[in-house]
Amino acid sequence: MSSDKILVGIFGLLGILFTYWFFLMKKEKQINVVSEVDITVSGGYSPEVISIPKGKPTKINFLRTDPSDCLSEVVLSDFKIRKELPMNKKVSIEVIPQKPGEYKFTCGMNMYHGKIVVK
Amino acid sequence: MEAKQSLRSSDLKKTFPIKGMHCASCVRVIERALSRVDGVSAATVNLATEQASVAYDGNLVTDQDLASAVESVGYKAVLDQKVISEDERKQEKQKELKKLRSKVIVSLVLGGIIVVGGFFGLSPLVQLLLAIPVQFWVGLEFYRATIPALKNRTANMDTLVAIGTSVAFAYSAFVTILPQVVEKIGVEPMPYFDVSTIIIGLILLGRYFEAKAKAGTSEAIKRLIGLQAKTARVVRDGKDVDLPISEVAVGMVIRVRPGEKIPVDGAILEGESSIDESMVTGESIPVDKGRGDSVVGATINKTGTFTYKATKVGQDTLLAQIIKLVEEAQASKAPIQRLADLISSYFVPIVIMLAIFTFVVWYIFGPAPAFLFAMLNMVAVLIIACPCAMGLATPTAIMVGTGIGAEKGILIKDAESLETAHKIDTIIFDKTGTLTHGKPIVTDVVGNVLQLAASLEKGSEHSLAEAIVRKGEEKAVKFLKVVEFKAIPGHGVEGVVDGKRVVFGNRRLMVREKIEIDEKKIEKLENGGKTVMILGVNGKLAGLVAVADTLKETSKEAVNKLQKMGIEVVMITGDNKRTAQAIAAKVGIKKVLAEVLPDEKEKEVRKLQSEGKKVAFVGDGINDAPALAGADVGIAMGSGTDVAIEAGDITLINKDLASVAAAINLSKKTMRTIRLNLFWAFGYNIILIPVAMGILYLPFHILLNPILASAAMALSSISVVSNSLLLKKAKI
């Protein structure tokens, strides 16, 4: 096997490992929220994981700055909420979770994910 | 732009725009004015967003109070924001679509010139100049979505398109600018600008059609929102004043003329008319209404003029509740979606890894020119993968399904209920108020006992007592004075009338009183589906009163329809066995659960479930809430305007029993659409990704051109959305 093929093989393997590590081994950073949180919607949700208290109203403000059509809706299916997110306009959602646990929120096409951890 | 998930109805928060603000001092003025309203616990105003947020007690404060407070200090509160935000949203969507369309045209025209020009020897440099605007202006949105996504260590569709087209573009630019370098390694310096430009054009074309089709999936909710009246003609000091709907408050008197829309819910004070309620309740025949009858906002007054008092406004109206319920149902998740959810979270990274793998394998083992094969196949893999189709498969069908339901007066609480309904094999109908009208009437009086029975029952609260008293009034009997009245639960009533001891009730009471009864006569009446009550005077049988509840006209047909669908229909009632059997026979029900007390209905549901049955319970939602909740699907029959929407998983506001079969049919059709969508979305990716990787090259020498890959990708999500839209044509 020629040296360029060996190189491509090595770099390809490294590329696959890097892709796995980069996307699938990401550590979740959890933000503790008291009563209100701003989530920037750009290439995903930032912060991506929020921790909120049980039984208390929490206001989640989404601000979409990313033109991707995928992100133009946010869905909190456990709370039965689907909201359109117009570009550069803050959209507030208020939730009062009654049970501790993890609740996902996603974009309209289920490509981007975020998580609400209720404690 | 505020959504709430509040649990206590009295404890509300509302955010609404304020017009006319220009400085920071306005903030304090408005905040003070709002705080002064009784029942408002907190008010904050934001100058930057020009919005006020108010926390208040919903029992004490109305929208009108908030609006007046803001108006009193010289500003305007826009509380009718749903309509405005809908319009804004629509405008914004249209603007986005227009922009998308022009981008599609630019990329396809420039891409077309490159493709055709390529055949006629168009210089690579000119091709490069034509491809630059497509890659960096039209394709900018792919980069703008990819860069922040990579910052968050996530990836999506756009990431795949951005990587795929960038590889094709970068390679082409390289061979255009430095052809001698590739020539040196024995590769013909041929650019692939057609690939990068046409892929971008086709994918955006797909998005354009997809966005248009997607708008169709939420048509039902938009139509419901559009039903809201904009103004109301309020009678003030004897004069008619047109007020915006947001300013109408509970208690106001409103005049409605023929052909006009009824603005909010209320009760008629004067006048009568025929009202078309089809747009809200799905009930097709106009209903005649007069003084005291309730009217529903957004319905159309057909014939007469009347005035009515507003009883529910804003978010409390039936229409607003329906909209809220449908919106919530459309946002909920069907259990069938779980697998797609799981796959979609790993999908894009896996496709990137497969693309790298494809490049390596083709480069090492592929035929010459290995680099070109490796690159084009890698681009094809990146482009053909379509996670969107998987993401859209379930929600679009749920949106269309719940929307169709709402239009026909079938309100579905969430996606899970819609999914479960198609598995139902047993339906229990509560008799009273569901199969029957729930208003019993006296059908037979044996012996001269009506006066005694009616006098005695006047003091009773039993549901049958009302029928007997009404009959007495009809016959103009003189009600006698009753002393020592006593109700004996599960038996009947007793008392002393005219010095005689009178007992009135069922067999058990007669046994207790040791009164001999004429069983034959009673049986005969019971066999006709009537409930028989026996009257004894001074220890001797005096006569009988038979009461019957009339069947609804649609009951038999509805039961028949369900039986034809292979569903076992069961009737449940507190009536005695013989009466129950007789009524069940009239509608064609074979299995009867009789003499079941109200609190035992849930137990009967559980019993059937323990036999492995999937059970739906159909009731009026008033006293059978536990059974409705216990069933796999609780179907509540709405009672017209005063709908207990939250009572069931499915609420039939059209009061039509035939809708039970329609709801199950709707569930079956929606599930079939979802399954087809998922099959298509999964199948597409499972089959075409390996094809793009070149799996067919060895046996058949077939490779997938990246341009064809982009066309297939664009078609795949459009076909999923279009399939969901086909549901609209389904007959239920």
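Check the entry above for the structure.
Figured I'd write up the structure that's included with this text. All figures in this text were calculated on a predicted structure; none of them were measured in a lab.

1. Quick look at the overall build of chain A
(1) Moving on: Across its full length, chain A holds 1 helix and 10 strands.
(2) Moving on: In chain A, the succession of helices and strands from N to C terminus is α-β-β-β-β-β-β-β-β-β-β.
(3) Moving on: Computed over the C-alpha atoms, the radius of gyration of chain A is 18 Å, more than 25% above the 14 Å expected from 2.2 N^0.38 for a compact globule of 119 residues.
(4) Moving on: Overall, the C-alpha framework of chain A stretches about 65 × 30 × 20 Å when taken along its three principal axes.
(5) Moving on: By residue count, 55% of the 119 residues in chain A fall in the buried class.
(6) Moving on: Taking as baseline every contact in chain A between residues at least 6 positions apart, the subset at least 24 positions apart corresponds to 54%.
(7) Moving on: In the structure as shown, chain A presents an accessible area of about 5,600 Å², 58% of it carried by carbon and sulfur atoms.
(8) Moving on: Charge centroids of chain A, computed over 17 positive and 12 negative side chains, lie 5 Å from each other.

2. Topic: the overall build of chain B
(1) Moving on: Across its full length, chain B holds 27 helices and 27 strands.
(2) Moving on: Its C-alpha atoms give chain B a radius of gyration of 35 Å, more than 25% over the compact-globule value 27 Å for 732 residues.
(3) Moving on: Relative to its full complement of 732 residues, chain B shows a buried share of 52%.
(4) Moving on: In chain B, of all internal contacts separated by at least 6 residues, the share reaching a separation of at least 24 is 68%.
(5) Moving on: Looking at chain B, you have 88 positive and 78 negative side-chain charges, and the mean spots of the two groups are 2 Å apart.

3. Regarding the side chain of Ser 332 of chain B
(1) Moving on: Its place among the elements puts Ser 332 of chain B in the loop between helix H11 (318–331) and helix H12 (338–365).
(2) Moving on: Take Ser 332 of chain B: its relative accessible area is 10%, and that puts it in the buried class.
(3) Moving on: Of the polar contacts made by the side chain of Ser 332 of chain B, one reaches the backbone nitrogen of Ala 415 of chain B; its length is 2.7 Å.
(4) Moving on: Filtering out sequence-adjacent residues up to four positions away, Ser 332 of chain B remains in contact with Ser 77 and Lys 80 of chain A together with Asp 414 and Ala 415 of chain B.

4. As for the nonpolar core
(1) Moving on: Of all hydrophobic cores here, the largest spans 151 residues; its most connected members are Tyr 45, Phe 62 and Ile 116 of chain A together with Ile 427 and Phe 429 of chain B.
(2) Moving on: Take this core: its biggest share by element is 16 residues, from helix H25 (residues 658–693) of chain B.
(3) Moving on: Among the nonpolar cores identified, the runner-up in size contains 21 residues, and Cys 26, Val 54, Tyr 75 and Leu 79 of chain B belong to it.

5. Brief notes about the pairing of strand E10 (residues 113–118) of chain A
All names here are of chain A.
(1) Moving on: Across the 6 residues that make up E10, a large majority, 6, are buried.
(2) Moving on: With 4 bridges joining them, strand E4 (residues 49–52) and E10 adopt parallel strand pairing. The residue bridging Ser 51 from the neighbouring strand is Val 117, located in E10.
(3) Moving on: Sheet topology places strand E9 (residues 101–107) next to E10; 6 bridges connect them, and they run antiparallel. Within E10, the position partnered with Thr 106 by the bridge is His 113.
(4) Moving on: Taken together, E9 and the strand that follows it, E10, pair antiparallel across an intervening segment of 5 residues, in which Asn 110 is found at a positive phi of about 65°.

6. Considering the sheet that holds E10 of chain A
Residue and element names in this part refer to chain A.
(1) Moving on: Taken together, 6 strands build an open sheet; the order of strands is E1-E4-E10-E9-E6-E7 and the sheet is mixed. Pairing within the sheet leaves two strands with one partner each, and these edge strands are strand E1 (30–32) and strand E7 (81–84). Each strand of the sheet is rotated relative to its neighbour by a mean of 20°, with strand direction disregarded.

7. What to know about the packing of aromatic side chains
(1) Moving on: Summed over all chains, the structure comprises 21 aromatic pairs over all chains.
(2) Moving on: Measuring from ring centre to ring centre gives 5.1 Å for Trp 362 of chain B and Tyr 697 of chain B, while their planes differ by 70°; the resulting arrangement is edge-to-face. With Trp 362 of chain B in helix H12 and Tyr 697 of chain B in helix H26 (residues 697–700), this pair connects stretches of sequence that are 335 residues apart. Like Tyr 697 of chain B, Trp 362 of chain B is buried.
(3) Moving on: Between Trp 680 of chain B and Tyr 684 of chain B, the ring centres sit 6.3 Å apart and the planes meet at 40°, which makes this aromatic pair tilted. Here the residue Trp 680 of chain B and the residue Tyr 684 of chain B both occupy positions in helix H25, the gap between them amounting to 4 residues, near one helical turn.
(4) Moving on: For Tyr 684 of chain B, a relative accessible area of 7% translates into the label buried.
(5) Moving on: Above the plane of the ring of Trp 21 of chain A lies Arg 153 of chain B, whose end atom (NZ or CZ) is 4.5 Å from the centre.
(6) Moving on: The positively charged end of Arg 153 of chain B is found above the aromatic ring belonging to Phe 22 of chain A, 5.4 Å away from the centroid.

8. Here we look at the interface of chain A and chain B
(1) Moving on: Taken together, the contact pairs 55 residues of chain A with 55 residues of chain B.
(2) Moving on: Around 5,000 Å² of area is buried between chain A and chain B when both sides are counted, 59% of it from carbon and sulfur atoms.
(3) Moving on: Where chain A touches chain B, the interface holds 2 salt bridges.
(4) Moving on: Between Lys 80 of chain A and Asp 414 of chain B there is a salt bridge, and its shortest N-O distance comes to 3.5 Å.
(5) Moving on: Our enumeration of links across chain A and chain B arrives at 12 residue pairs in polar contact (both at pLDDT 80 or more).
(6) Moving on: Of all the secondary-structure elements, those providing two or more residues to the side of chain A that touches chain B are helix H1 (3–24), strand E3 (45–46), strand E5 (58–64), E7 and strand E8 (90–95) of chain A.
(7) Moving on: Looking at which element gives the most residues to the side of chain A that touches chain B, the answer is H1 of chain A, with 13 residues.
(8) Moving on: Taken together, the residues that form the side of chain A that touches chain B break down as 24 nonpolar, 16 polar and 15 charged.

9. A few points about the sheet that holds strand E16 (residues 426–430) of chain B
Residues and elements named next belong to chain B.
(1) Moving on: Spatial ordering of the open sheet is given by E15-E27-E26-E25-E16-E23-E24, a layout of 7 strands whose pairing is mixed. Because the sheet does not close on itself, it has two edges, and the strands there are strand E15 (410–412) and strand E24 (591–593). For this sheet, the mean inter-axis angle between neighbouring strands, taken without regard to orientation, is 20°.
(2) Moving on: Pairing of E16 with strand E25 (residues 615–619), which is carried by 4 bridges, proceeds in the parallel orientation. Within E25, the position partnered with Ile 427 by the bridge is Ala 616.
(3) Moving on: Against the sheet, H25 contacts E15, E16, E25, strand E26 (633–637) and strand E27 (650–652), and its axis sits at roughly 45° relative to E15.

10. Some words on the packing of helix H6 (residues 157–177) of chain B against helix H13 (residues 370–384) of chain B
Residues and elements named next belong to chain B.
(1) Moving on: With their axes 8 Å apart at the nearest point, H6 and H13 run at an angle of 155° to one another. Accordingly, the angle class assigned to the pair H6 and H13 is roughly antiparallel. Two packed elements cross with a definite hand, and for H6 against H13 that hand is left-handed. Counted together, Leu 160, Val 161, Ile 163, Gly 164, Val 167, Ala 168 and Tyr 171 of H6 and Phe 371, Leu 372, Met 375, Met 378, Val 379, Leu 382 and Ile 383 of H13 form the full contact between these two elements.
(2) Moving on: In terms of residue class, the contact of H6 with H13 is made up of 13 nonpolar, 1 polar and no charged.

11. Focus on the packing of helix H21 (residues 555–564) of chain B against H25 of chain B
All names here are of chain B.
(1) Moving on: Running from amino to carboxyl end, H21 crosses H25 at an angle of 30°, the nearest separation of the two axes being 7 Å. Judged on the interaxial angle alone, H25 and H21 are roughly parallel. Mapping the contact onto sequence places Ala 558, Lys 561 and Leu 562 in H21 and Ala 658, Val 660, Ala 661 and Ile 664 in H25.

12. Comments concerning H21 of chain B
All names here are of chain B.
(1) Moving on: Among the residues of H21, Ser 555, Ala 558, Val 559 and Leu 562 are the ones counted as buried. On an axial view of H21, the arc spanned by its buried residues comes to 95°, and they lie on one face. For H21, exposure combined with an orientation more than 90 degrees from the buried face picks out Lys 556 and Lys 564.
(2) Moving on: Those residues of H21 that are buried are in contact with E16, helix H16 (431–435), strand E23 (568–572), helix H22 (577–587) and H25.

13. Observations concerning a nonpolar patch on the surface
(1) Moving on: Among the surface-exposed residues, Met 1, Ile 6, Leu 7, Ile 10, Phe 11, Leu 13, Leu 14 and Leu 17 of chain A together with Phe 365 of chain B lie close enough to one another that they form a single nonpolar patch of about 1,000 Å² accessible area.
(2) Moving on: As for its placement among the helices and strands, Phe 11 of chain A is situated in helix H1.

Reading the values: the criteria
- Residues numbered from 1 in each chain as written.
- Chains lettered and ligands numbered in written order.
- Predicted model: local features only at pLDDT ≥ 70, side-chain atom pairs only at ≥ 80, totals over all residues.
- Heavy atoms only, no water.
- Helix = DSSP H or I, 4+ residues; strand = E, 2+ residues; numbered from the N terminus.
- Rg over C-alpha atoms; globule rule 2.2 N^0.38 Å.
- Buried < 20%, exposed > 50% of the residue type's maximum accessible area, 1.4 Å probe, protein only.
- Contact = heavy atoms within 4.5 Å.
- Areas by Shrake-Rupley, 256 points an atom, 1.4 Å probe, with all protein chains shown as cover.
- Lys, Arg positive; Asp, Glu negative; His and termini not counted.
- Charge placed at Lys NZ, Arg CZ, Asp CG, Glu CD.
- Polar contact = N/O pair within 3.5 Å; in protein donor to acceptor, adjacent residues only side chain to side chain.
- Core = buried A, V, L, I, M, F, W, Y, C linked by side-chain atoms within 4.5 Å.
- Pairing = 2+ DSSP bridges.
- Axes fitted to C-alpha atoms, helices over the stretch in contact; angles between N-to-C directions.
- Phe/Tyr/Trp six-rings, centres within 6.5 Å; stacked < 30°, edge-to-face > 60°.
- Lys NZ or Arg CZ within 6 Å of the ring centre and 35° of its normal.
- Buried area = accessible area lost by both parts, 1.4 Å probe.
- Salt bridge = Lys/Arg side-chain N within 4 Å of Asp/Glu carboxyl O.
- Nonpolar A, V, L, I, M, F, W, Y, C, P; charged D, E, K, R; others polar.
- Parallel < 35°, antiparallel > 145°, perpendicular 65-115°, else oblique.
- Left-handed = near helix turned anticlockwise from the far one by under 90°.
- Arc of directions from axis to C-beta.
- Patch = residues over 30% accessible without salt bridge, like charges linked within 9 Å, V, L, I, M, F, W, Y side chains within 5 Å.

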